[in-house]
Structures are given as C-alpha cells and as structure tokens.
Amino acid sequence: QASFVFVDIAGFSKRDTDEQRVLKAQLSSFLRTQLAQFDFSDFRMRDTGDGAMIAFLRLPDHALVLAQAVLRAQMLGTAPFIRPGVRTGVNIGMAWEMGDVEDRTNYIGDAVNSAQRIMDMAQPGQVTVSLSFYRAISEREPQYGALMRPIGERADKHGRKHQVMEMGFAAEALADIAATLPEPLPENLAPAPIEAPQWASSQVDDVPADAAAAANAAAPGTSPWLTAAAIAIGLVALALAWLALQN
C-alpha cells in the first residue's frame, strides 16, 4: 500500500514553451527541496507532463507533509510556480510497481488512477483528498483528520463517483509531523501558530447526507455496531446468571 500525491500546474498546456519550461523547473526545484527531508527509499517521483506524481511507500504522514507544504507555499506566495495555480490530489491504496518503457520504476493500479482523478477535481490552489486517505490518516492521528472536510460526491471523466475531501492548512500539524522526520523542515516552512485550518476554497458544495455520514463514520471513535454487540453480550450474560440462580 502506498500514498500517491499528484501535483498539476493549472493551465500548463495553454502557456508558451518558454513559460512552461520556467514553471516546470520551479516546480521541480520546490518538490526536490521538500522531498529532501525524506529517506530516498521512502518515495518515488515521476514526471506527468503538467506536473508530477509522488508515491510515498512507507507512511501516509509523508504525503500529508508534502500537501501541507504545497498549501503553505500557495497561501504565502513563496513559490513562483504557485501563481498560475496548482491543483493537488491525494489518495492511498494498493498499486503495482513495474518498469516503464524507459526501464524506470513506475506504478499502475486503481489507487494511482484514482489519485489523478481526485486531483482533477481540485480547483487551482486546492488540495483534494480521497475518503480512503482521510480514513487512513485519521486512524493514525485524529488531529490530522481535522484538517479535512467533505466537499461532496464528484464524478470523474469516466463517470465514476468519488467522495471527495478538501485539505486545509495548519502549521501546527506540519510542525508536529515534521518532528518525526529524520531531517528538519526547510526554513521557509518554519511553523507559525494557527488556531484552525485555513481553506483554499471559500465555499463547500452541498454535501449529501451519506457523504457526511461516511466522513463521520471514518473518524476515530466507538463503532455503533461494536456498541450494539457489547450490549447484546451483556444481556446474554445477565440471562445466564439469572438461570443459574433459579437452578
């Protein structure tokens, strides 16, 4: 299982060749700086034409760190390639590692395809996240789940529907995750106190009740099924004790 982050420069194909070259160089430099904090064996990065795909092979926290770094750069305007707008999508799941036509390691599978579709649903400046990634990161640390909110069910270009979350930015979370990394964060990502997540989008679509319920069900806590089972077991135990007293 791996976490996949797709980063895409909005409107890239509509720009002239010189501007494309500059933007792509800036994006590559930014990503290399952020990825330098991880062990090389923990990730793989591949060019996608309009941007890049990064596969994090060990922890979903690493994908969260990168997504938070992209959000921070966009909100502070510290990266030149940010100005056209960057769309980012995150997903987690099983994928197959194989050699591509250039004999480089690449990944195929539904988790990769869905990550790209999730990214396609983001607006420039926004990070969109799959429900599966939200669940995985919330199980690891509940406060990370608070960085995400449901924005509704979206259909991709093939008509497949996805429950989509938006990720907000909070420097405290970035600093907390960074404390677990082998190398310190770059100076431009030094945390500042933020009491609540900052959102890239100003509005959230009407969220169907089932989507909100799915997100809430993913949050850590006691399952209603487990609660019902515990009550049933307790009642059976009481009944057996009463029968024993009667005999």
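The coordinates are above.
Quick look at the structure, then. Computed from a prediction, not measured in an experiment: that's the story for all the values here.

Scoring rules and cut-offs
- Residues numbered from 1 in each chain as written.
- Predicted model: local features only at pLDDT ≥ 70, side-chain atom pairs only at ≥ 80, totals over all residues.
- Heavy atoms only, no water.
- Salt bridge = Lys/Arg side-chain N within 4 Å of Asp/Glu carboxyl O.
- Helix = DSSP H or I, 4+ residues; strand = E, 2+ residues; numbered from the N terminus.
- Buried < 20%, exposed > 50% of the residue type's maximum accessible area, 1.4 Å probe, protein only.
- Pairing = 2+ DSSP bridges.
- Axes fitted to C-alpha atoms, helices over the stretch in contact; angles between N-to-C directions.
- Expected span 1.5 Å × (residues − 1).
- Contact = heavy atoms within 4.5 Å.
- Parallel < 35°, antiparallel > 145°, perpendicular 65-115°, else oblique.
- Nonpolar A, V, L, I, M, F, W, Y, C, P; charged D, E, K, R; others polar.
- Left-handed = near helix turned anticlockwise from the far one by under 90°.
- Core = buried A, V, L, I, M, F, W, Y, C linked by side-chain atoms within 4.5 Å.

Notes on the pattern of salt bridges
As a working rule, side chains carrying opposite charge can pair if their charged atoms are close by.
Argument step 1. What the rule picks out here adds up to 10 salt bridges.
Argument step 2. Residues D18 and R21 are paired through a salt bridge, measuring 3.1 Å at the closest nitrogen-oxygen approach. Of this pair, D18 and R21 both sit in helix 1 (residues 17-35), separated by three residues, roughly a single helical turn.
Argument step 3. Look at R21 and you get exposed, because its relative accessible area is 52%.

Examining the sheet that holds strand 4 (residues 86-93)
Argument step 1. Strand order across the open sheet formed by seven strands is 2-3-1-4-7-9-8, with mixed pairing between neighbours. Looking at strand neighbours, the two that pair on one side only are strand 2 (43-47) and strand 8 (148-155), the edges of this open sheet. Between one strand axis and the next, the sheet turns by 25° as a mean value, whatever way the strands run.
Argument step 2. Both strand 7 (residues 127-130) and strand 9 (residues 161-167) contribute to a ladder of three bridges, which runs antiparallel.

Here we look at helix 2 (residues 60-76)
Quick reminder: α-helices carry 3.6 residues per turn. Residues three or four places apart thus point the same way.
Argument step 1. For helix 2, with 17 residues, the first-to-last C-alpha span of 25 Å sits near the 24 Å given by 1.5 Å per residue.
Argument step 2. Here helix 2 lies mainly inside the structure; 15 of its 17 residues are buried.
Argument step 3. Note on helix 2: the residue one or two positions beyond its end, G77, has a positive phi of about 65°.

Examining the environment of R104
Argument step 1. Here R104 shows up in the loop between strand 5 (96-99) and strand 6 (105-108).
Argument step 2. Look at R104 and you get partly exposed, because its relative accessible area is 38%.
Argument step 3. Each residue touching R104, except ones within four places of it in the same chain, is listed here: R46, M98 and G99.

Brief notes about the pairing of strand 1 (residues 2-9)
Argument step 1. Counting buried residues in strand 1 gives eight out of eight residues, a clear majority hidden from the surface.
Argument step 2. Because side chains alternate across strand 1, one face comprises the buried residues A2, F4, F6 and D8, and the other comprises S3, V5, V7 and I9, equally buried.
Argument step 3. Here strand 1 runs beside strand 4; their pairing, made up of eight bridges, is antiparallel. Residue pairing across strands places V5 opposite V90, the latter belonging to strand 4.
Argument step 4. Relative to strand 3 (residues 51-56), strand 1 runs antiparallel, the two sharing six bridges. Bridged to F4 within strand 3 is A55.

Observations concerning the packing of helix 2 against helix 4 (residues 131-140)
Argument step 1. Contact pair helix 2 / helix 4: the axes reach a minimum separation of 10 Å and the direction vectors enclose 105°. When the axis of helix 2 is compared with that of helix 4, the two are roughly perpendicular. Side by side, helix 2 and helix 4 meet where P60, D61, A63 and L64 of the first sit next to F133, I137 and R140 of the second.
Argument step 2. Considered class by class, the residues forming the contact of helix 2 with helix 4 number five nonpolar, no polar and two charged.

Concerning the packing of helix 1 against helix 2
Argument step 1. Running from N to C, helix 1 and helix 2 cross one another at 130°; their axes reach a closest spacing of 11 Å. For the element pair helix 1 / helix 2, the angle class is oblique. Seen from above, helix 1 lies across helix 2 with right-handed handedness. Across from F30, L31 and Q34 in helix 1, the residues of helix 2 making contact are L66, A69, V70 and A73.

Focus on the nonpolar core
Argument step 1. Counting 43 residues, the largest nonpolar core has I54, F56, F133, M148 and M167 as the members making the most contacts within it.
Argument step 2. With sequence-adjacent residues up to four places away left out, I54 is seen in contact with S3, F4, V5, V7, L31, L35, F43, R44, M45 and L66.
Argument step 3. A55, A111, V112 and A115 belong to the second-largest nonpolar core, a separate cluster that totals 10 residues.

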